[in-house]
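Breakdown of the fold
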Amino acid sequence: MTPILEIKNLSISLRDKKKMLIKNMNLCVQNGQMLGLVGESGSGKSLTATAILGLLPSSLEIVSGTIQFGSYEITSLTEKECSQIRGKEIAYLPQNYQSYFTPFIKIGHQLVEIIRTHTAKKKTDAKEMALYWLNRVNLPAERVFNSYPYQLSGGQLQRASLAAAIMFRPKLIIADEPTTALDVVNGEIILDLLRDVQQEMNCAVLLISHDLKKMVNKVDELAVMYGGHIAEIGKTRAISNNPVHPYTHLLFQSSLKLSKSVPKELPTIHGEPGLVSLSGCSFLLRCPYATEECSKRPQMKTVGKQHLVACHSVSGGLKKDVSYSFNYQNV
Ligand code: SF4
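To start, this report covers the structure provided alongside it. Just so we're clear, the structure is a prediction, and the values are computed from it rather than from any experiment. (Residues numbered from 1 in each chain as written. Predicted model: local features only at pLDDT ≥ 70, side-chain atom pairs only at ≥ 80, totals over all residues. Heavy atoms only, no water.)

1. Overview of the overall build of the protein
Across its full length, the protein holds ten helices and 14 strands. Computed over C-alpha atoms, the radius of gyration of the protein comes to 21 Å, within 12% of the 20 Å expected from 2.2 N^0.38 for 331 residues, which places it in the range of a compact globule. In the protein, the share of contacts with a sequence separation of at least 24, taken over all contacts with a separation of at least 6, comes to 65%. Separation between the mean location of the 37 positive side-chain charges and that of the 28 negative ones in the protein comes to 1 Å. (Helix = DSSP H or I, 4+ residues; strand = E, 2+ residues; numbered from the N terminus. Rg over C-alpha atoms; globule rule 2.2 N^0.38 Å. Contact = heavy atoms within 4.5 Å. Lys, Arg positive; Asp, Glu negative; His and termini not counted. Charge placed at Lys NZ, Arg CZ, Asp CG, Glu CD.)

2. Focus: the state of the cysteines
Overall, the coordinates contain zero disulfides when judged by the stated rule. Cysteine Cys-203 shares no disulfide, and the gap to the nearest cysteine sulfur, in Cys-28, comes to 16 Å. A relative accessible area of 1% means that Cys-203 is categorised as buried. (Disulfide = S-S within 2.5 Å. Buried < 20%, exposed > 50% of the residue type's maximum accessible area, 1.4 Å probe, protein only.)

3. Considerations on the sheet that holds strand S4 (residues 60–69)
Strand pairing in a sheet takes place through backbone hydrogen bonds and is either antiparallel or parallel in direction. The four strands are arranged S2-S1-S4-S5 in an open sheet whose pairing can be described as antiparallel. Two strands close off the open sheet at either side, each with one partner strand: strand S2 (20–30) and strand S5 (72–73). As paired strands, strand S1 (residues 3–14) and S4 are joined by eight bridges and run antiparallel to one another. Its bridge partner being in S4, Ile-12 is matched across the sheet by Ile-62. In this fold helix H1 (residues 45–52) packs onto S1, S2 and S4, with an angle of close to 115 degrees to the strand it touches most, S1. (Pairing = 2+ DSSP bridges. Axes fitted to C-alpha atoms, helices over the stretch in contact; angles between N-to-C directions.)

4. Quick notes on empty space enclosed by the protein
Under the criterion given, the structure shown has one cavity of 30 Å³ or more. When its volume is computed, the largest cavity comes out at roughly 90 Å³. What lines the largest cavity is a set of 13 residues, and nearest its centre among them are Cys-281, Cys-287, Cys-294, Cys-311 and His-312. Taken together, the residues of the lining of the largest cavity break down into ten nonpolar, three polar and no charged. (1 Å grid on protein atoms, 1.4 Å probe; cavity = no way out; pocket = protein on both sides within 12 Å on 5 of 7 lines; lining within 4 Å. Points joined across faces, edges and corners; volume = space filled by probe spheres on them. Nonpolar A, V, L, I, M, F, W, Y, C, P; charged D, E, K, R; others polar.)

5. Some points on H1
Of all the eight residues making up H1, six are buried; the element is thus mostly covered by neighbouring parts of the structure. Within H1 the residues assigned to the buried category are Lys-45, Leu-47, Thr-48, Ala-49, Ala-51 and Ile-52. Just beyond H1, the residue with positive phi is Gly-54, at close to 70 degrees.

6. Side note on helix H10 (residues 246–253)
For an α-helix, the turn length of 3.6 residues means that residues three or four places apart are oriented alike. For H10, the buried fraction is high: seven of the eight residues fall into the buried class. Buried within H10 are the following residues: Pro-246, Tyr-247, Thr-248, His-249, Leu-250, Leu-251 and Phe-252. Looking at the buried side of H10, the elements it contacts are helix H8 (212–216), strand S9 (221–226), strand S10 (229–235) and helix H9 (236–241).

7. Let's talk about the site of the ligand
What surrounds the ligand is the set His-245, Pro-246, Cys-281, Leu-284, Cys-287, Tyr-289, Ala-290, Cys-294, Cys-311, His-312 and Ser-313. When grouped by side-chain class, the residues that make up the shell around the ligand number eight nonpolar, three polar and no charged. (Near = heavy atom within 4 Å.)

8. Observations regarding the packing of aromatic side chains
Per the counting criterion, the structure on display carries seven aromatic pairs. Taken together, a centroid distance of 6.4 Å and an interplanar angle of 10 degrees make the contact between Phe-69 and Tyr-72 stacked. By relative accessible area, which is 1% here, Phe-69 ends up buried. Exposure remark for Tyr-72: the relative accessible area of 29% places this residue in the partly exposed category. Put simply, the rings of Tyr-226, Tyr-247 and Phe-283 touch in pairs and so form one group of aromatic residues. (Phe/Tyr/Trp six-rings, centres within 6.5 Å; stacked < 30°, edge-to-face > 60°.)

9. Some words on the packing of helix H4 (residues 123–136) against helix H7 (residues 184–201)
Running from N to C, H4 and H7 cross one another at 125 degrees; their axes reach a closest spacing of 12 Å. One element, H4, and the other, H7, form an angle in the oblique class. For the pair H4 and H7, the contacting residues are Tyr-132, Trp-133 and Arg-136 in the first and Leu-193, Asp-196, Val-197, Glu-200 and Met-201 in the second. The residue inventory of the contact of H4 with H7, partitioned by class, reads five nonpolar, no polar and three charged. (Parallel < 35°, antiparallel > 145°, perpendicular 65-115°, else oblique.)

Structure below.
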């Protein structure tokens, strides 16, 4: 497989305060692959997506590194060049589907406008194309085409945004928490649809989520982020069978399983979400395995076939029974 997206040594910082938000990130998404980028809020997932789309706000700057998308090096493109790729070769499916369409213009009219902006199609051909893609995401095409956004349910609106995102057959789809604002059933429908169209079009998908458990059954590869760093990356099965980084390991432990009895203690991760050590390992202040060595930044090392982890403790092996617990019966 050839990579469609290759991020090398990417660092992004706040322009004024020089605070690093993404640090030496390396990530590769292959053609026809679905890669899940997981981590809690503030870990840098959406910021990575924004950088790939060439939409970083002026308060942020790329300090080092490259973002290679096909033959384009995104960090060296002008805004005009980026806008020609965005929406056509790189599609974006947002978390907030409510804002995808203008509320007082019919869905069909908006889709036709998007198609005619990117192609030389006549109105009738553009309408035919819009109906095809609405139908492809299992919507009643004619009715949705003639509806205003407020006349659709959340699930229908998110499927209409998916139709808009994929109708130019992009090489890469970035789906940023596409199910967060949906109920469980509609969330599953969207993820299954995304998987279907990805396989049908053989495009790549970068699926961003804070929900590790939900990702495990959907993506080919997982990258776990903490504090602007990739903590662990590899084949999904390799990581779910053997999560090696303490953060990944604790995330899996923190997922509740259905059982007949309520556990006495709920597993949690020590410390506030977003607590990041500014020196050494990002996870240092919350890690139950931390040693003196962790005051130095850990480098990525191989722990198995196509499985990498950035942690000093890995060579010694983790004591898998260590975790912090929250005793809810005392509350
Ligand atoms: Fe924990 Fe140290 Fe590994 Fe960081 S490097 S995850 S602090 S053991």
